[in-house]
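# Topology and contacts: notes
What follows is each chain in one-letter form.
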Amino acid sequence: MNLYPPRLATRLLHLFCAPHRVDELEDDLDELFQQRVKQIGLQKARWRYVKDVVSLMRPSLMKRQPTNAYPNPATTTMLRNYLKIAFRNLVKNKTYSSINIGGLALGIAVSLLILLFVIHERTYDHFHANADRIFRVYSKMKFGEQEMQSERVSARFGLAVQEANAGVLDMVRVATTPGRVVIKTSPERKFFEDKFILADPSFLTVFSFPLVDGSAQTALLRPMTVLLTERTAERYFGHEDPVGKTITYNNKLRFEVTGVLKNPPSNSTVQFDFVASLKSHPAIERIQNQFIKDDEVALLNQRVQGGSFRTYFLLNSSADTGRILRTLPGLVKASGGDMQGTRYIIDPLTSVHLGMNFGDTANSRYLTIFLGIAALILLLALINYMSLTTARATQRAREVGVRKVMGAGRSELAGQFYGESMLITGLAFLLALVLVKVLRPPFYQLLQLDIDPSFMYTPEFGLAALGLLITCVLLSGSYPAVLLSSFSPVNVLKGNLTTGKGGPAVRRVFTVIQFTVSIGLIGCSMLIYQQVQHLQNRKLGLYKDRVLVLPVDASLTQQYSILKHDLRQIPGVERVAAASSVLYKEGGSIFFTQSPTTKKDISIHVLSVDDQFAETLQIPWKSKPDPTRLAAPNTVVLNEIAVRKMGIGNQPLGQRLSFGSEKSEVVGVMRNFYFTDINDSNEPLALFVAKDTASAMATFGGSLYIRIQPSADLQQTVGRIETAYHQINAEKPFEYYFLDQTFNSIYKSEARLASLFSVFTGFALFIACLGLFGLAAFTAEQRTKEIGVRKVLGASVASIVTLLSKDFIKLVLLALVIASPISWWAMNKWLQDFAYKIDIAWWVFALAGGLTIGIALLTVSFQSIKAALMNPVKSLRSE
Amino acid sequence: MKGTYLGEFEEVVLLAVAIRSGDAYGAAVVTEIERQMDRSVNLGAVHSALNRLAEKGLVTSELGGVTTERGGRRKRLYSVTAAGRRALQDVRQVRNQMWEAIPNTAWT
């Protein structure tokens, strides 16, 4: 007879019941079962058994409750022990711990900052909800041998494309104002603005620029309405509600504020402070040119061609671009235009920022360099950590031995040391986050970056930071874990193990790597600095040191001569001249003209100046024009390059060139002087010279060039100029540049690279020295006895210092040998891009090496002198 | 009898534990209840009631010694605590009080 309870039910019981109760319950069930078999028969007893098992399935009995009666010692106890040991070690060796954590934190912080910047650059325009479907159009035009790029097309362009292609869901045209404008709400609230744009109503739906106030349906519909950003609204209206109020544009037009937009994120290519309705564009055009006819207004231009509107399309899918480009020639033709020599390109908005490689920070090549530096610094910090940890291994060797004897396997020990690294890296990471918060403002100021503070909290950056943390943890723990867990317990406990086999050799390699990086960075930063200096100090062919540039505008037409006269009366002002633009800051206009001899089209920069210009900026003449002809109508002055490019070198004077509709006679040739902000080399230039007294310069918005005497006090003179300016009641705020500063700002990106390099070189060197300091301290400590014995036997302090420093210096020298060719190669590559460049001198590397050795010696000697001065009685007495 | 409320089944279980004092483990309690009340009881219900009683502090449990009887495994033996005894007495007193409050005419 089968007297066993149903097995399935028993198994079920084991499955769900709390382990510590299961035996007891099974026993109860068993006993009841046996009784019931006797009382009610097997079948019924089995049935009751099942019922009982089911009735036992209740939470109170399932709850796994490892009571103290049954402790589970394996995992938590050992973990607690590991943590305790880790903390004790941290606290016991305060110097090492702080060097370790501090160095690591610094490295992580710097990498995070760079990462923040790089991610910011890489996520440009990704915030739009439709980011992957927004495209912009630009054109490439061929003029003679030159190709020009323009991202502006006519007003009709976007409309025509939208009508002809079903794949175009929506379209936005964005126009900018010509130059800066003055916006006023009250006499005190009057500012220069350069981010005033005009846009179609679809601006609010295609892009993701949310409105804080106002309605998205009606905003931007009517002419002469404008949206402000939050920051602008506060600037002009304080805490008042700006909706319904008006702003004055250049003292002529009035715009009604219909809403407030959130500030555009810093990683947006479309930047603005004001967004006016596109229908206001003709009004703005009319300020520029009052006589413009209705059919000449840009907004009503019916041709499909280049123009003044940046145009963005919202497409169904990116596949539509090809179709649009195929329909374009037909559209252009139908509108009566001509596509000859022009190529249109449609590319995604997200590729725009890094695509324009002539910008200053938007330089994808520099982004790679920055990332490289970040990686190097992080590597230095990690190496530091590893070498310090393994150097300390002897201190832990006995612990490892005992643990092994007690039965710890290698994997458990490796786990323990990995865990410790994780703990320390985690602490360092927390500290790094604090450092990032503190260092962010000065860092961005140094780099002249504008990154929203909130960017730190975006998921992209969070993920990157997490990735960095994981990388750090994985790398920092790896080598110590392998090394420390490899000790043989017999050797360790016998006491004849000093350091792990291979340990010192690996540490030497580490030190060499650290100093290779440091020396390389020092070399590079010195060379970059030299190159930037070289670029900024080169001969420009004009005097730029004490020239103040004062932009003027049409509002000054009446008082122009008075202002010039007044300025000349100021003591300290040497000369005053005028030109149509601020050199090195505003790109002037470019004309195409045909060479009279070769008949080739030449692109030539055009600048209008007055007859004082050459004298004021001390630009020498090659053939000085007759004073009577200089400012005569229909005359032009060329520079040497222009003469050469046109092939009229033999007889430049008297040649007639056409600029636009007018023909001008060449009356003089100037020596080359450097004037553009784009290129490294000189370009052809035509100067239209006007009389000093002509007020045309003010009508078209030019700039006054005021040369200040070398002996005059700069600040005082600028103050007097300002007073003179205010006396004529100019509408425009007083604003000025110094010519040398605007020139230097051309090399903003190089100068930025230079300062970045020097700062990070500093960090790298500091981290490397921290490591060296730790290692030196450690060696000195290890050799305490040896030093004691040597001193007793008569060694001098100097000889002991040499003994201790020698090894390190050898490593640094080796690093110098490795670093020099590498950085020479890298810098040579960088310099290839400059037309005007320095030669790399050998002494740069010698200096870098010398500097590093000096710093390394200082670091090491601090420890070695301390060790050498120690009283041998003390070091030998113990044990 | 404000303190802990004693459910009807809890009361029965507690009484059974008291009856089998010294030998009150799960199965014994079940057997006891079945014998006394002539109704079948689920083991799960008993254990859950014992748990609740233990939480209320009306019974305590300890692991009994090893006996050959159960294959060398140990039983969890329950015993009524002082609080448990008081709770039982309270219930009984209330019942008695109420019995006595029944007027004589009620049954006629």
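Only a predicted model underlies this, so the values are computations on that prediction, with no experimental measurement involved.

Across its full length, chain A carries 30 helices and 24 strands. Considering chain A as a whole, with its 879 residues, one finds that 38% of them fall into the buried category. Taking the intrachain contacts of chain A between residues at least 6 apart in sequence as the baseline, contacts between residues at least 24 apart amount to 83%.

Looking now at the overall build of chain B. Along its length, chain B carries four helices and two strands. Moving toward the C terminus, one meets the helices and strands of chain B in the order α-α-α-β-β-α. When the 108 residues of chain B are sorted by exposure, 31% land in the buried category. Of the contacts made within chain B by residues no fewer than 6 positions apart, 52% connect residues no fewer than 24 positions apart.

Residues and elements named next belong to chain A. The biggest cluster of nonpolar side chains holds 98 residues, and the ones touching the most others in it are Ile108, Ile377, Ala381 and Ala764. Take this core: its biggest share by element is 20 residues, from helix α26 (residues 748-782). Apart from the residues lying within four places of it in its own chain, the contact partners of Ala381 are Gly103, Leu104, Leu106, Gly107, Ile108 and Ile767.

So, about the confidence of the model for chain B. The predicted coordinates ought not to be read in detail in places where the model reports low pLDDT. Averaged over all residues, the pLDDT of chain B equals 84, while 87% of them reach at least 70. Across chain B, element-level confidence peaks in helix α1 (residues 8-19) of chain B with a mean pLDDT of 91 and bottoms out in strand β1 (residues 59-63) of chain B with 87.

Residues and elements named next belong to chain A. For Met224, which is not glycine, the phi dihedral falls at a positive 60 degrees. Mapped onto the secondary structure, Met224 falls in the loop between β7 (211-213) and β8 (225-229). Under the C-beta neighbour-count criterion, Met224 is labelled partly exposed, with 17 such atoms within 10 Å. For Asn250, which is not glycine, the phi dihedral falls at a positive 45 degrees. Mapped onto the elements, Asn250 comes out in the loop between β9 (246-249) and β10 (253-261). For Asn250, a count of 21 C-beta atoms within 10 Å corresponds to the buried category.

For the rest of this paragraph, the subject is the interface of chain B and chain A. At the interface, 16 residues of chain B touch 16 residues of chain A. Residue assignment for the side of chain B that touches chain A shows that the elements contributing at least two residues are α2 (26-37) and α3 (43-56) of chain B. Take the side of chain B that touches chain A: its biggest share by element is six residues, from α3(B). By residue class, the composition of the side of chain B that touches chain A is five nonpolar, seven polar and four charged.

What follows concerns the environment of Ile247(A). Residue and element names in this part refer to chain A. Within the secondary structure, Ile247 sits in strand β9. For Ile247, a count of 23 C-beta atoms within 10 Å puts it in the buried group. Considered as a pair, Ile247 and Thr185 are 62 residues apart in the sequence and their alpha carbons are 5.1 Å apart. Dropping the residues within four chain positions of it, Ile247 is found in contact with Ile183, Thr185, Val226, Tyr236, Phe255 and Val257.

A few words on the UniProt feature "transmembrane region" (unreviewed entry) in chain A. Residues and elements named next belong to chain A. Cross-referencing UniProt, the feature "transmembrane region" (unreviewed entry) maps to residues 99-119, 366-386, 421-440, 461-485, 505-529, 753-775, 811-828 and 840-860 in the present numbering. Between the C-alpha atoms that bound residues 505-529 there is a distance of 36 Å. The span itself is 100% helix and 0% strand. Within the segment residues 753-775, helix and strand shares are 100% and 0% respectively, and the terminal C-alpha atoms sit 32 Å apart.

Attention shifts here to helix α28 (residues 797-831) of chain A. All names here are of chain A. Between its first and last C-alpha, α28 extends 48 Å over 35 residues, near the 51 Å set by a 1.5 Å rise per residue. Bending of α28 peaks at approximately 40 degrees at the position of Ser805. Buried within α28 are the following residues: Ile800, Val801, Leu804, Phe808, Leu811, Val812, Ala815, Leu816, Ala819, Ser820, Ser823 and Met827.

Residue and element names in this part refer to chain A. Those residues of helix α27 (residues 784-792) lying buried are Ile787, Gly788 and Lys791. One side of α27 holds all its buried residues, which, seen down the axis, span an arc of 105 degrees. The elements touched by buried residues of α27 are α28, α29 (842-869) and α30 (872-877). Immediately downstream of α27, the backbone of Gly794 shows phi near 110 degrees, a positive value.

Bringing the packing of α26(A) against α29(A) into the picture now. Residues and elements named next belong to chain A. Packing of α26 against α29 brings their axes to within 9 Å, and their N-to-C directions diverge by 25 degrees. Taken together, the axes of α26 and α29 are roughly parallel relative to one another. Along this stretch, α26 crosses α29, giving a crossing that reads as right-handed. Across the interface between the two elements, Leu765, Cys769, Leu772, Phe773, Ala776, Ala777 and Ala780 of α26 pack against Ile855, Ala856, Thr859, Val860, Gln863, Ser864, Lys866 and Ala867 of α29.

What follows deals with the confidence of the model for chain A. Averaged over chain A, the pLDDT score is 82; the fraction of residues at 70 or greater is 93%. Every residue in residues 357-362 of chain A is under pLDDT 50, and counting partners more than four places away or in other chains gives 10 contacts.

Our focus in this paragraph is the packing of helix α3 (residues 42-56) of chain A against α3(B). At their nearest, the axes of α3(A) and α3(B) sit 6 Å apart, and the two run at 35 degrees to each other. Of the residues in α3(B), those in contact with Asp52(A), Ser55(A) and Leu56(A) of α3(A) are Leu43(B), Gly44(B), Ala45(B) and His47(B). In the contact of α3(A) with α3(B), the residues fall into three nonpolar, three polar and one charged.

Residue and element names in this part refer to chain A. Within β8, five of the five residues are buried, leaving the element largely enclosed by the surrounding structure. Side-chain alternation along β8 places Thr225, Leu227 and Thr229 on one buried face and Val226 and Leu228 on a second face that is also buried. Across three bridges, β8 lies against strand β11 (residues 274-277) in antiparallel orientation. Note that in β11 the partner of Leu228 across the bridge is Phe274.

Moving on: the environment of Gly426(A). Note on placement: Gly426(A) falls in helix α15 (residues 410-447). For Gly426(A) and Leu469(A), which are 43 residues apart along the polypeptide, the C-alpha to C-alpha distance reads 7.8 Å.

Procedures and definitions
Throughout this description, residue numbers start from 1 for each chain and increase along the sequence as written. The lettering of chains begins at A and the numbering of ligands begins at 1, in the order of writing. Per-residue local features are limited, in this predicted model, to residues with pLDDT of at least 70; the limit for side-chain atom pairs, both in listing and counting, is 80 or more; totals at the level of whole chains, interfaces and linings are taken over all residues. Elements are defined by DSSP. Helices are runs of H or I of four residues or more, strands are runs of E of two residues or more, and each kind is numbered from the N terminus. Field definition: a residue is buried when 20 or more other C-beta atoms are found within 10 Å of its C-beta, exposed when 12 or fewer are, and partly exposed for counts in between, with C-beta atoms placed from the backbone. Throughout, a pair of residues is in contact if the C-beta atoms placed from their backbones lie within 7 Å. Structurally, a nonpolar core is described as a collection of buried Ala, Val, Leu, Ile, Met, Phe, Trp, Tyr and Cys residues joined by way of C-beta atoms within 7 Å. Values of pLDDT, ranging from 0 to 100, describe the predictor's confidence in every residue of the model. Side-chain classes follow a simple rule in which Ala, Val, Leu, Ile, Met, Phe, Trp, Tyr, Cys and Pro form the nonpolar group, Asp, Glu, Lys and Arg form the charged group, and the remainder, Gly included, forms the polar group. UniProt positions are given in the numbering used here, feature names are shortened, and annotations may be inferred rather than shown by experiment. Multiplying one less than the number of residues by 1.5 Å gives the expected span of a helix. By definition, a residue's bend is the angle between the axes fitted to the seven residues ending there and the seven starting there. In this description, one arc is meant: the one made by directions from the helix axis to the C-beta atoms. Where helices are involved, their axes are fitted lines through C-alpha atoms of the stretch in contact, as for all axes, and angles between N-to-C directions lie from 0 to 180°. Any angle that is under 35 degrees is reported as roughly parallel, and any over 145 degrees as roughly antiparallel; angles of 65 to 115 degrees are reported as roughly perpendicular and all others as oblique. Definitions for this section: a left-handed crossing has its near helix turned counterclockwise from the far helix by less than a right angle. A right-handed crossing has that turn clockwise. At least two bridges found by DSSP between two strands is the condition for calling them paired.

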